[in-house]
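Read off the chains here:
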Amino acid sequence: MPKRLPMLTTCLLAVLALVIAPAAVVAQLGDTEEEQQRIRELGLGAKQGLDSEGNAIRVSAEEDSGPPLTERERATHVLNRMAFGARPGQVERVLEMGVENWMRDQLDPESIDNVYVDTHLAEHMPSLNMGMGEIFRTYRPEYTPYKGKTPTKAERELRQQEQRERNQLRRDVQAELRAAVYHRAIYSGRQFEEVIIAFWRDHFSVDQNSNDVAYFANHWEENVLREHAFGDFEDLLMATARHPAMLFFLDNAVSQKPLTERELALIEKYENRDNVPRSVRALQRQRGLNENYARELMELHTLGVDREYKQRDVTELARVFTGWTARWRPRNMQDNARNDRRRGNSNADQQDDYGFYFNAGVHDTGNKVVLGSRLRGGGEEQGISVIRALAKHKYTADFISRKLCRYLLRDEPSEALVAEIAKVFKRTKGDLPEVYEAIVFSEDFLYRQNHRVKFKTPFEYVVSAVRATGAEATSYGQIDQALSLMGQKTYGCPDPTGWYDTAEAWLDPGVLVYRWTFAMDLAGNRLKGIRVPEALLANLPAEELKKKLANQVLPAGLSERTSTIIDEELGRNPSAQEMLSILLGSPDFQQQ
Amino acid sequence: MSPTRRQFLAGSSAFMGAAALGLNTRALAQALREQGHPPTLVTIYLRGGADPLNAIVPAGDPEYYNVRPTIAIPAKSDDANNPAVIPLTNLFGLHPSLDPLHKLYEGKRLGAIMCTGSTHPTRSHFDAQDFMERAAPGVKSVTEGWLNRYLTATSSNHDRPLRAVSLQPTLPRSLRGQYPVLAVPTGNADRAMNAFERLYSCDDNAEAFRRNAGGDKPAEQDNAPADDGPRLSGGPAVKPVDKPEDDLNEKLVEKGEESIEKLRHLRGIVRGQGNAKYPNSHLARQLADTAKVIKAGEGLVVAALDYGGWDHHAYQGGSTGTMANMLGTLAQAMRAFHDDLGSHMDKTLVLVMSEFGRTVRENGNNGSDHGHGGFMLAMGGMVKGGNVYGKWTGLERRRLYQNRDLPVHVDFRVVFAEALHALFGFETDKTDFFPEYKANDQPVRYLTPMAAG
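Residues numbered from 1 in each chain as written. Chains lettered and ligands numbered in written order. Predicted model: local features only at pLDDT ≥ 70, side-chain atom pairs only at ≥ 80, totals over all residues.

## A word on the overall build of chain B
Scanning chain B from N- to C-terminus turns up 12 helices and 12 strands. With 453 residues in all, chain B has 49% of them scored as buried. Restricting the contact set of chain B to residue pairs at least 6 apart, pairs at least 24 apart contribute 76%. (Helix = DSSP H or I, 4+ residues; strand = E, 2+ residues; numbered from the N terminus. Buried ≥ 20, exposed ≤ 12 C-beta atoms within 10 Å, placed from the backbone. Contact = placed C-beta atoms within 7 Å.)

And the structure:
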């Protein structure tokens, strides 16, 4: 093996090399046959994670603060972290099949049958399978054009009517996506897939309330997040970068090469004049550079805030991405195919689709320097190579690993574990299932210090409460409303940071009151469209009731404090409804 | 209502401790100032980018009628009897729907600021609101709201429970941050609070219970699966210390108790007072409750409210229509609040703002698009009212920002800084309150500072 270069240098070289000669980069990353041979000789590479008997070597970073989790606690723990909590009887089923076997299945979502959820989605949520062109045609129909130059009163009234209809359709397509998210989170058998997709939904956050993202987000969920969450990070990152939802949410779609001194002078010259030449009019319309995406790509999607990059890098990277936009194009056209058809922004041809488009006319072809690497000229490839380099950057490995450990273990994961997971990320070049596996099969994952120490986010709380009761949901408006009150609208985080998953972000005074109210409404069957089964609400003698419901809602047991306080209440002979709501609203059920 | 015993003890011991050591006297002085009826800042955020030119109308600028052929507010009542602009100065007039505020303007308790806004060019609602509510244009690393930062910077151990509130379900971004601020649940919260009071109370029994539980608990490793074996060396005498999960459990109980206390307190205040006359709107109800907290002398320092829906890209209307109705709702609610507060209004400042203005020229849909410079309203006893502040450079195309929008002549940070200074004596420049900002802008001087003390 050649003398190892520090990863950072390797990456910078990678950017550089990609520009000069793409083949050279591959060598840096150890992908040639020769490299691989050497790696095999040294016993490294793909087999590195296995011991002599072919069993996975478990990453281990710290000591268990003990006492070790009981089997039942282990089953509950994996259901809390690799699923959105246990459904009725699920802890018993996991114990029966073995905690580890259940985890293995979950790591391979395709191995789990999911017909019920898939059928429901196909029948009730058609927008999820639509292309973006079709979404526009279905949910944003064209206005009837005015006949004359100034609209008549009737035309104006028709326009207002059409606008109301369009607004309603826009709300429909947005609500359908959120309903799909809830439905899968509650009922999918592939729970870990949902847990992981929820992670990426916030990591690559887009807000469906932001302009046209309303029409892109459904496609994004299906074709970006679901398609790549169990693939390579690089592919996931690339798909986000080229999707209209991200291009518009972070304004890259309108980012254009900045005007030169000469062009500015031209605009100045024609200011307040009539007969402005066409070329100058085009310049006047040119909006200039928008740094929004370039910054968030480094800050939020890959390197982490203020690591390695400076403001200059942001501006330079924004120049790299000028011209990355989206528009109407012939159906089934590949993202990178040449598209010369000009269609403007109309729904136009029934066959047309909507998607990524590289607009060479507004792309900045000048040389750039990004993270110390010189990039010659311009072109679409330049952006692609930078994204690849960022996906492989050591800080990206660290940043993604840290966030995943925080999400799956605890708010402040140990540095040692983060470092171990980052190694796996780097070794596998961001093979995400390998990274997930390394985390959940680390020794640390089932340590006492990670058990029930995470505060559920509003989303996790609401979904896990519905799951715990085994309720049947036929509509999700009330869940939407509850999450909105709790401040965590699905697909509605206005910040590109996405919703945070730490206690610090959610544990404000007031927030618990909403959860108690939700618990009472759920247990009392007062949420429209959500039915808790009658059997669960059958009244029993107080002791039995407590035992039965606690076993279902908090299968790892109650804290002694909660248990004692509930015992004090038993003399009043609480109804099943009261008992259920107290359990769902208890501090214990806020923990996972 | 008296604070609970526990809070009182915690507060007073911290007070005495700090006093004895002579520490943090500034925070103490701050806390003392906030006893009784401190000055209160109330912000109303018009979300969506409210149109300045159809609120504070430059009817004296003939260009106004050229650029807005269908949505201009007529200078004189026209044939169709559309209400006309209410003149304020030679240049400006109020939108007729703002009539309830006219008297306050004349009484010098209301002023407007034109061409104010962000130094950042963004026309994205999301960025512009963020930058403004965090008072940090272009600085995305700042995630706490400016009002929250103020509360943190001036907090002490004996802050009153209702030092800041937002009487709506979620906190506006200006109030988000590390300082805990109550956003009030809607609906019947009493039911939930009564049901969960016991489970979320850090009472003495629970304390005692926790102490006992620590000692009496049987060694938990009895429950551990045998095959795992003991992890810790030293044999069976492993005494289970607190489980890590208990820390979070305890914290949850504390937060729950805090929620109940604050909310009950608030609801007590709100219920305990008669209802003043307010119009029937959501905004008015929020302001009515805010007024009750102020009048009760609960030490309310900051309240923030949202009024959404100002993104009038199409059919915004002129002296009647969509925007006119919303301006009416705003003005009526503000006027009711003003009249309800009476002398308390001397120490209350209401600041009305929006993320940006709109295009000077109306668009093809009888509306206006996202612009740049906007307007603010300031109402209160310390406002040097009867004035339209801000530099006016006209509506000629070449005078506009990027040839299309009102320019920003008054950085919103200047307005905020003067508010914090006039109300609370807080000096933003000395505390580096605004990140990456050098305060060398022209002052607006729209407020008379409250007497120190």
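There is more to say after this.
## Quick notes on the overall build of chain A
Scanning chain A for helices and strands turns up 29 helices and six strands. Relative to its full complement of 592 residues, chain A shows a buried share of 48%. Put simply, of all contacts in chain A between residues at least 6 apart along the chain, 77% involve residues at least 24 apart.

## Re the interface of chain B and chain A
Interface extent is often summarised as the accessible area lost during association of the parts. Across the boundary between the two partners, chain B contributes 51 residues, which contact 49 residues of chain A. Sorting the residues of the side of chain B that touches chain A by element identifies β7 (182–183), α7 (189–196), α8 (204–216) and α9 (244–272) of chain B as the ones contributing at least two each. Residues of the side of chain B that touches chain A, tallied by class, amount to 27 nonpolar, nine polar and 15 charged. (Nonpolar A, V, L, I, M, F, W, Y, C, P; charged D, E, K, R; others polar.)

## With respect to the environment of N129(A)
Its location among the elements puts N129(A) in the loop between α7 (115–124) and α8 (132–139). The partly exposed category is assigned to N129(A), around which 13 C-beta atoms lie within 10 Å.

## Some details on the sheet that holds strand β2 (residues 56–57) of chain B
All names here are of chain B. A sheet is described by the order of its strands in space; here three strands give the open sequence β2-β4-β3, paired in antiparallel fashion. Edge positions in the sheet fall to β2 and β3 (86–87), since each has one partner strand and no second. Note: β3 against strand β4 (residues 93–94), two bridges, orientation antiparallel. In the strand pairing of β4, P87 is matched with G93. (Pairing = 2+ DSSP bridges.)

## A look at the nonpolar core
Counting residues in hydrophobic clusters, the biggest one holds 274 residues, and the most contacted among them are I421(A) and I113(B). The element that contributes the greatest number of residues to this core is helix α11 (residues 322–341) of chain B, accounting for 11 residues. Built from parts of two domains, this core gets at least three residues from each of domain 1 (116–249) and domain 2 (458–590) of chain A. Apart from the residues within four sequence positions on either side, I113(B) is in contact with F375(B), M376(B), A378(B), Y389(B), G390(B), V410(B), V415(B), V444(B) and Y446(B). (Core = buried A, V, L, I, M, F, W, Y, C linked by C-beta atoms within 7 Å. Domains from an automatic or database assignment.)

## Focus on the domain arrangement of chain A
All names here are of chain A. For chain A, the assigned domains read domain 1 (116–249) and domain 2 (458–590). A separation of 29 Å is found between the C-alpha centroids of domain 1 and domain 2. Across the boundary between the two partners, domain 1 contributes 14 residues, which contact 16 residues of domain 2. Of the residues contributing to the side of domain 1 that touches domain 2, the split by class is seven nonpolar, four polar and three charged.

## Some remarks on helix α4 (residues 71–81) of chain A
For α4(A), the tally of buried residues reaches nine of 11 residues, placing the bulk of the element in the interior. Residues E73(A), R74(A), A75(A), T76(A), H77(A), V78(A), L79(A), N80(A) and R81(A) constitute the buried set of α4(A).

## Side note on the packing of α4(A) against helix α6 (residues 99–107) of chain A
Residues and elements named next belong to chain A. Here α4 crosses α6 at 15 degrees, and the two axes come no closer than 10 Å. By the angle between their directions, the pair α4 and α6 is classed as roughly parallel. Handedness of the α4/α6 crossing: left-handed. Each of R74, A75 and V78 in α4 lies in contact with α6, whose residues at this interface are V99, W102 and M103. Taken together, the residues of the contact of α4 with α6 break down into five nonpolar, no polar and one charged. (Axes fitted to C-alpha atoms, helices over the stretch in contact; angles between N-to-C directions. Parallel < 35°, antiparallel > 145°, perpendicular 65-115°, else oblique. Left-handed = near helix turned anticlockwise from the far one by under 90°.)

## Section: the pairing of strand β9 (residues 348–354) of chain B
Residues in a regular strand project their side chains so that they alternate between the two faces of the sheet. All names here are of chain B. β9 sits mainly inside the fold: seven of its seven residues count as buried. Side chains of β9 alternate between two faces, with T348, V350, V352 and S354 and L349, L351 and M353 buried alike. Examined bridge by bridge, strand β1 (residues 40–47) and β9 share seven bridges and lie parallel to one another. Of the residues in β9, the one forming a bridge with V42 is V350. Bridging between β9 and strand β10 (residues 374–379) involves three bridges; their strand directions are antiparallel. Note that in β10 the partner of V350 across the bridge is M379.

## Quick notes on the packing of helix α19 (residues 394–408) of chain A against helix α21 (residues 432–440) of chain A
The angle between the axes and the distance between the axes are what describe a pair of packed helices. Residues and elements named next belong to chain A. Contact geometry for α19 and α21: axes closest at 11 Å, N-to-C directions at 45 degrees. Taken together, the axes of α19 and α21 are oblique relative to one another. As for how α19 packs across α21, the hand of that crossing is right-handed. Touching S401, L404, C405 and L408 of α19 are V435, I439 and V440, all from α21. Within the contact of α19 with α21, the residues separate by chemical class into six nonpolar, one polar and no charged.

## Here we look at α6(A)
Residue and element names in this part refer to chain A. Regarding α6, the residues found buried are V99, W102 and Q106. Angular distribution of buried residues about the axis of α6 spans 65 degrees; they occupy a single face of the element. Across from the buried face of α6, at angles greater than 90 degrees, the exposed residues are E100 and N101. Elements in contact with the buried residues of α6: α4, α5 (90–97) and α10 (191–203). (Arc of directions from axis to C-beta.)

## A closer look at the environment of R413(B)
Here R413(B) is to be found in helix α12 (residues 412–424). Contacts of R413(B), omitting those with residues within four sequence positions, involve A135(B), F434(B) and Y437(B).

## So, unusual backbone geometry
In this chain, G66(A) is followed by P67(A) through a cis amide linkage whose omega measures -10 degrees. With respect to the helices and strands, P67(A) occurs in the loop between α3 (33–41) and α4. The backbone of N403(B) sits at a positive phi, close to 60 degrees, despite the residue not being glycine. Position of N403(B) relative to the elements: it lies in the loop between β11 (388–389) and β12 (410–411). Given 15 C-beta atoms within a 10 Å radius, N403(B) is considered partly exposed. Positive phi, normally seen in glycine, also occurs at R445(B), with a value near 55 degrees. Mapping R445(B) onto the fold places it in the segment after α12. Judged by the 12 C-beta atoms lying within 10 Å of it, R445(B) falls in the exposed class.

## Things to note about the pairing of strand β2 (residues 353–358) of chain A
Residue and element names in this part refer to chain A. For β2, the buried fraction is high: five of the six residues fall into the buried class. With six bridges joining them, strand β1 (residues 324–329) and β2 adopt antiparallel strand pairing. Looking at β2, one finds that R327 is bridged to G355.

## Looking at the confidence of the model for chain A
Per-residue confidence for chain A gives a mean pLDDT of 87, with 86% of residues at or over 70. Long-range and interchain partners of residues 38–48 of chain A, a stretch whose pLDDT sits below 50, account for nine contacts in this model, where long-range means more than four residues apart. (pLDDT = per-residue confidence, 0-100.)

## Some thoughts on the environment of A164(B)
Residues and elements named next belong to chain B. Within the secondary structure, A164 sits in strand β6 (residues 164–166). By the C-beta count within 10 Å, which is 25 here, A164 ends up buried. Distance from A164 to Q332, taken between C-alpha atoms, is 24 Å for residues 168 residues apart in sequence. Residues contacting A164, with those up to four places away along its chain left out, are L151, L175, V181, V301, V302 and A303.

## Here's the deal with the confidence of the model for chain B
All names here are of chain B. Considering every residue of chain B, the mean pLDDT works out to 83; 82% of them sit at 70 or more. Here residues 1–23 is modelled with pLDDT under 50, and outside its nearest four sequence neighbours on either side it reaches 14 contacts, counting other chains as well. This stretch, residues 208–240, has a pLDDT under 50; its non-local contacts, to residues over four places away or in other chains, come to 28 contacts. The ipTM, which scores confidence in the relative placement of chains, is 0.83 for this predicted complex, and the corresponding pTM is 0.76.

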